[in-house]
Structure formats: structure tokens, C-alpha cells
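Chain by chain, the residues:
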Amino acid sequence: MTKSLPAFPYHPHPVATGSVVAADGVLCVCCGTVRGYVYAGPVYAVAEPEGRLCPWCIADGSAAARYGAHFCAGAVGDDAPREVLLAIAERTPGFSAWQDPQWLLHCGDGAAFLGRVGAAELADRPDAVEAMRREITGWGWPTERTEHYLGSLDKDGQPTAYLFRCRVCSAHLATSDFT
Ligand SMILES: [Zn+2]
Ligand SMILES: [Zn+2]
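A brief structural summary. Just so you know, these numbers come straight off a predicted model, no measurement behind them.

Moving on, we come to the overall build of the protein chain. Of the regular secondary structure elements, the protein chain holds 6 helices and 8 strands. Along its sequence from the N terminus, the protein chain presents helices and strands in the succession β-β-α-α-β-α-β-β-β-α-α-α-β-β. Evaluated residue by residue, the protein chain yields a buried proportion of 44% over its 179 residues. Considering only residue pairs separated by 6 or more positions, the protein chain has 60% of its internal contacts joining residues 24 or more positions apart.

See below:
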């Protein structure tokens, strides 16, 4: 338990976001080792692993290779090099969402996922709210419906929003389930 987690540039605090949890005595099915932490996010796999994965097997790509797995449903936003998309899909802990979660891309790179947020947390992130407002407006929603939706976002409920920060320009970005 003393060993620090591997670094995930696109998901810097996976314990804080709930995607990695402390788990004493739980074996990782990939490396067969008890590492003290297991992955708790989604696994999209050809042959689903029959057990838990440790964050080290995600970080080094061995879980992705062994199970044909990726941990994120897709990525949206700017174009990004294939190696970035692969790093996000195969070597980064994903996060659970009501719908298939999409990773946000910005400035030609993957953004860093910071966690689930609601309207209260987004009050400090006007840039992220503005980005969502633009996206929703693009669907032709009337202003009133858009503002009601943004105001109803709830960190622990539904709909919820997912906060990211661009690793290049540091802008905050957010996406939500839009149910
Ligand atoms: Zn492992
Ligand atoms: Zn950016």
C-alpha cells in the first residue's frame, strides 16, 4: 500500500474521481498480484477480464493488450494524434457515466479528467459552462431549456457533468450525459 500509483497524465487523480479504489487483499487478474488498489471504472473488452484489474496493468498497457480492452468509449473535440487516442483508450483509467463516457480533446491533445461536477461546482468554472452552453445551443435547444438543464446538473445525481482541463491551454471543459 505504500507504493504510489502510476502517473496517468490524462487522469491525474483516479482515486479522487473514484475510478481507482483502495482494495486490500484483492488480486489483479492480469498480473496476479495484490497491489492494494483496483480499477473501478468501465472496461470495454473483447474477452472481459474475470476479476479486477490493477492501475499498474492499465498504465503499462498490459491489461489492454491481454484482454483487447479499452477503458473509454470514445473521444470528442479537437483532432489529436493516434498515439494520444491510444494512450487515453488503453493506458488511462476511464470513468463511469450514465451514458458511454467521451473523453474531451483540446489543443490537439487529450484533456485531463478531473471528475464529476454539478451546477454548484461549475459555478467556479464559467469557461466550462460556456463550452457546454455552446454545444447545447448547437442542437437548437431554446435558451430556457438550456439554462434549466445547466442549472439542474448534479455531481451525485442525474444529469451530471464531467470536468476536464486542457493540458495545453489550461481551459476547463465539461461534457455531460445530455439525457
Ligand atoms: Zn495488475
Ligand atoms: Zn486547450
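Once you've had a look at it, read on.
Looking now at the sheet that holds strand 7 (residues 161-165). Sheet architecture is open: 3 strands sit in the order 6-7-8, paired in antiparallel fashion. Whereas interior strands pair on both sides, the edge strands pair on one side only; in this sheet they are strand 6 (112-117) and strand 8 (172-176). Pairs of neighbouring strands in the sheet enclose a mean axial angle of 25°, with direction left out of account. Judged from the 5 bridges that link them, strand 6 and strand 7 form a sheet pairing that is antiparallel.

Moving on to the coordination of the zinc ion (ligand 1). Coordination of the zinc ion (ligand 1) by the protein involves C28 (SG), C31 (SG), C54 (SG) and C57 (SG), with metal-donor separations of 2.2 to 2.3 Å. Geometry at the zinc ion (ligand 1) is tetrahedral, judged from its 4 donor atoms and the angles of 104 to 115° they form at the metal. Summarised as a motif, the one-chain spacing of the donors to the zinc ion (ligand 1) is C-x2-C-x22-C-x2-C. You can see C31 sitting in the loop between strand 1 (20-22) and strand 2 (37-39) and its partner C57 sitting in helix 1 (residues 55-59), a full 26 residues away along the chain. Assessed through its relative accessible area of 30%, C31 is described here as partly exposed.

A separate point is the coordination of the zinc ion (ligand 2). Around the zinc ion (ligand 2), the protein contributes the donor atoms H106 (ND1), C107 (SG), C166 (SG) and C169 (SG), which lie 2.0 to 2.4 Å from the metal centre. Taken together, the 4 donor atoms coordinating the zinc ion (ligand 2) span angles of 106 to 114° at the metal, a pattern that classifies the geometry as tetrahedral. Between the donor residues of the zinc ion (ligand 2), the gaps in sequence give the motif H-C-x58-C-x2-C. Using a relative accessible area of 2% as the deciding quantity, one classes C166 as buried.

Rolling a probe over the atoms, with the probe sized like a water molecule, indicates the empty space that remains. The computed volume of the largest pocket comes to approximately 380 Å³. Sorting the residues of the lining of the largest pocket by element identifies strand 3 (74-77), strand 4 (102-106), helix 5 (126-137) and strand 8 as the ones contributing at least two each. As a volume, the second largest pocket reaches approximately 210 Å³. Contributing to the lining of the second largest pocket are 13 residues, with A16, L114, G115, R116 and K155 lying nearest its centre. The element that contributes the greatest number of residues to the lining of the second largest pocket is strand 6, accounting for 5 residues. In terms of residue class, the lining of the second largest pocket is built from 5 nonpolar, 4 polar and 4 charged.

Next up on the list: the sheet that holds strand 3. Taking strand neighbours across the sheet as the criterion, the 3 strands line up as 3-4-5 in an open arrangement whose pairing is mixed. In this open sheet, the two edge strands, each paired with only one partner strand, are strand 3 and strand 5 (109-110). Strand direction decides the pairing type here: strand 3 and strand 4, joined by 4 bridges, are parallel. Bridge pairing in strand 4 places G74 opposite Q102.

Conventions adopted
Residues numbered from 1 in each chain as written. Chains lettered and ligands numbered in written order. Predicted model: local features only at pLDDT ≥ 70, side-chain atom pairs only at ≥ 80, totals over all residues. Heavy atoms only, no water. Helix = DSSP H or I, 4+ residues; strand = E, 2+ residues; numbered from the N terminus. Buried < 20%, exposed > 50% of the residue type's maximum accessible area, 1.4 Å probe, protein only. Contact = heavy atoms within 4.5 Å. Pairing = 2+ DSSP bridges. Axes fitted to C-alpha atoms, helices over the stretch in contact; angles between N-to-C directions. Donors = N, O, S within 2.8 Å, 3.2 Å for Na, K, Ca; no water. Tetrahedral: all angles 85-135°; square planar, octahedral: opposite > 155°, others 65-115°. 1 Å grid on protein atoms, 1.4 Å probe; cavity = no way out; pocket = protein on both sides within 12 Å on 5 of 7 lines; lining within 4 Å. Points joined across faces, edges and corners; volume = space filled by probe spheres on them. Nonpolar A, V, L, I, M, F, W, Y, C, P; charged D, E, K, R; others polar.

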